[in-house]
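Coordinates in review
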Amino acid sequence: MIAATPSPLDAITTGIAHAARTAGRKPDDITLIAVSKTHPVEAIRPLLNAGHRAFGENRVQEAAAKWPVLRSEHPDVALHLIGQLQSNKAEEAVALFDAIHAVDRPSLVDALGKAMAKTGRRPDCFVQVNIGAEEQKGGCPIADLPALLQQARDAGLPVAGLMCIPPAEIEPAPYFALLAKLARDMDLTGLSMGMSSDYETAVTLGATHVRVGSALFGARGSATA
Ligand SMILES: *Cc1c(COP(=O)(O)O)cnc(C)c1O
């Protein structure tokens, strides 16, 4: 008999479960965020039909164009904003998303606090850490993290945990381990880390949320996208 080739969703779900068990963790404690940025609604529907419910987008505008119709079909979808957020879009983001993964500076904490007070919606917030101290990258410097977390709590943001994007092209494990240590030190349980190329490593090091795009949907901007 010829075994059916597993779908990318099944293969990644299996990979996460295997990595979790290797680390003595429960697969259910990890949320796979399917990063659907740049992909049209027709590419997203098969995952919804397969029962997947957690999705990630990196731009408020694009999410606002794609998700209202999909959500009317599947009201239990959880939408995660994984990209940089401008303060002037905080209110729209709070209205649209269930979690915000790139909270990284005092002005944005301020804007999100006001937007939550005004709308009454309180999406989970992950504070993004510039884990490799890269000049061009978003994220809070490690040294500023305690103050930013305090400000976020004072502003009423539900802080779920920390998020990072390690430097490209080098082994990510030490950066994942460092983010996990920072979260432990600060009594935070959520860890948003790991993408298509390294989600299994991230899970063995404690990720609670992995953000996987191209491994699920194919390369962005290619014929298969
Ligand atoms: C695009 C993106 C991802 C997904 O990247 P893949 O390599 O396609 O899995 C994850 N996190 C963030 C912040 C992203 O912008």
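Residues numbered from 1 in each chain as written. Predicted model: local features only at pLDDT ≥ 70, side-chain atom pairs only at ≥ 80, totals over all residues. Heavy atoms only, no water.

1. Some points on the pattern of salt bridges
Applying the stated criterion across every chain yields a total of eleven salt bridges. One salt bridge connects arginine 53 with aspartate 76, and the closest N-O pair in it is separated by 3.0 Å. Within this pair, whereas arginine 53 is found in the loop between helix H2 (41-49) and strand S2 (54-57), its partner aspartate 76 is found in the loop between helix H3 (60-73) and strand S3 (78-81), the two being separated by 23 residues in sequence. The class of arginine 53 is partly exposed, set by a relative accessible area of 23%. Across the pair lysine 137 and glutamate 134 runs a salt bridge, and its minimum N-O distance is 3.0 Å. (Salt bridge = Lys/Arg side-chain N within 4 Å of Asp/Glu carboxyl O. Helix = DSSP H or I, 4+ residues; strand = E, 2+ residues; numbered from the N terminus. Buried < 20%, exposed > 50% of the residue type's maximum accessible area, 1.4 Å probe, protein only.)

2. Description of the pairing of S2
Sheet faces and side chains relate simply in a regular strand, where the side chains alternate between the two faces. Where burial is concerned, the two faces of S2 agree: the one with Ala54 and Gly56 and the one with Phe55 and Glu57 are both buried. Sheet topology places strand S1 (residues 31-35) next to S2; two bridges connect them, and they run parallel. Opposite alanine 34, over in S2, you have phenylalanine 55 as the bridge partner. The β-α-β motif built from S1, the intervening H2 and the parallel element S2 has right-handed crossover chirality. Relative to S3, S2 is paired through four bridges, and the arrangement is parallel. Within S3, the residue paired with alanine 54 across the bridge is alanine 78. (Pairing = 2+ DSSP bridges. Right-handed = clockwise from strand over helix to strand, strands pointing away.)

3. Thoughts on the site of the ligand
The environment of the ligand is made up of Lys37, Ile82, Met163, Ile165, Met195, Ser196, Arg211, Val212, Gly213, Ser214 and Arg220. Measuring from a nitrogen atom of the ligand, one finds a side-chain N or O atom of arginine 211 at 2.9 Å. Serine 214 is positioned with one of its backbone polar atoms (N or O) 2.8 Å from an oxygen atom of the ligand. Starting from 390 Å² of accessible surface for the ligand in isolation, the protein chains cover 88%. The residue inventory of the shell around the ligand, partitioned by class, reads five nonpolar, three polar and three charged. (Near = heavy atom within 4 Å. Polar contact = N/O pair within 3.5 Å; in protein donor to acceptor, adjacent residues only side chain to side chain. Areas by Shrake-Rupley, 256 points an atom, 1.4 Å probe, with all protein chains shown as cover. Nonpolar A, V, L, I, M, F, W, Y, C, P; charged D, E, K, R; others polar.)

4. Considering the packing of aromatic side chains
By the definition in use, this model includes one aromatic pair. On the numbers, 5.0 Å between centres and 45° between planes, the contact of phenylalanine 55 with tryptophan 67 is tilted. With a gap of twelve residues between them, phenylalanine 55 in strand S2 and tryptophan 67 in helix H3 connect regions that are remote in the sequence. In this pair, the class of phenylalanine 55 matches that of tryptophan 67, namely buried. (Phe/Tyr/Trp six-rings, centres within 6.5 Å; stacked < 30°, edge-to-face > 60°.)

5. Re the nonpolar core
Counting 64 residues, the largest nonpolar core has Phe55 and Leu112 as its most contacted members. By residue number, the principal contributor to this core is helix H5 (residues 106-119), which donates six residues. Ignoring anything within four residues of it in the chain, the contact list for phenylalanine 55 reads Ile33, Ala34, Ser36, Ile44, Leu47, Leu48, Trp67, Val77, Ala78, Leu79, His80 and Phe217. (Core = buried A, V, L, I, M, F, W, Y, C linked by side-chain atoms within 4.5 Å. Contact = heavy atoms within 4.5 Å.)

6. Here's the deal with the side chain of asparagine 130
For asparagine 130, the position within the fold is in the loop between strand S5 (124-128) and helix H6 (145-154). Residue asparagine 130 is classed as buried on the basis of its relative accessible area, which comes to 11%. Within the structure, the side chain of asparagine 130 is placed 2.8 Å from the backbone oxygen of glutamate 134, a separation counted as a polar contact. The contacts of asparagine 130, once residues within four sequence positions are left out, are Lys137, Gly138, Gly139 and Cys140.

7. Notes on the layout of surface pockets
Its boundaries defined by the atoms lining it, the largest pocket holds a volume of some 320 Å³. Broken down by class, the residue content of the lining of the largest pocket amounts to seven nonpolar, seven polar and three charged. (1 Å grid on protein atoms, 1.4 Å probe; cavity = no way out; pocket = protein on both sides within 12 Å on 5 of 7 lines; lining within 4 Å. Points joined across faces, edges and corners; volume = space filled by probe spheres on them.)

8. Some remarks on unusual backbone geometry
Located in the positive-phi region is threonine 38, a residue other than glycine, with phi close to 70°. Tracing the chain through its elements places threonine 38 in the loop between S1 and H2. On the basis of relative accessibility, which here comes to 49%, the residue threonine 38 falls in the partly exposed class. In this model, aspartate 187 sits at a positive phi of 60°, which is unusual for a non-glycine residue. Positionally, aspartate 187 belongs in the loop between helix H7 (173-185) and strand S7 (190-192).

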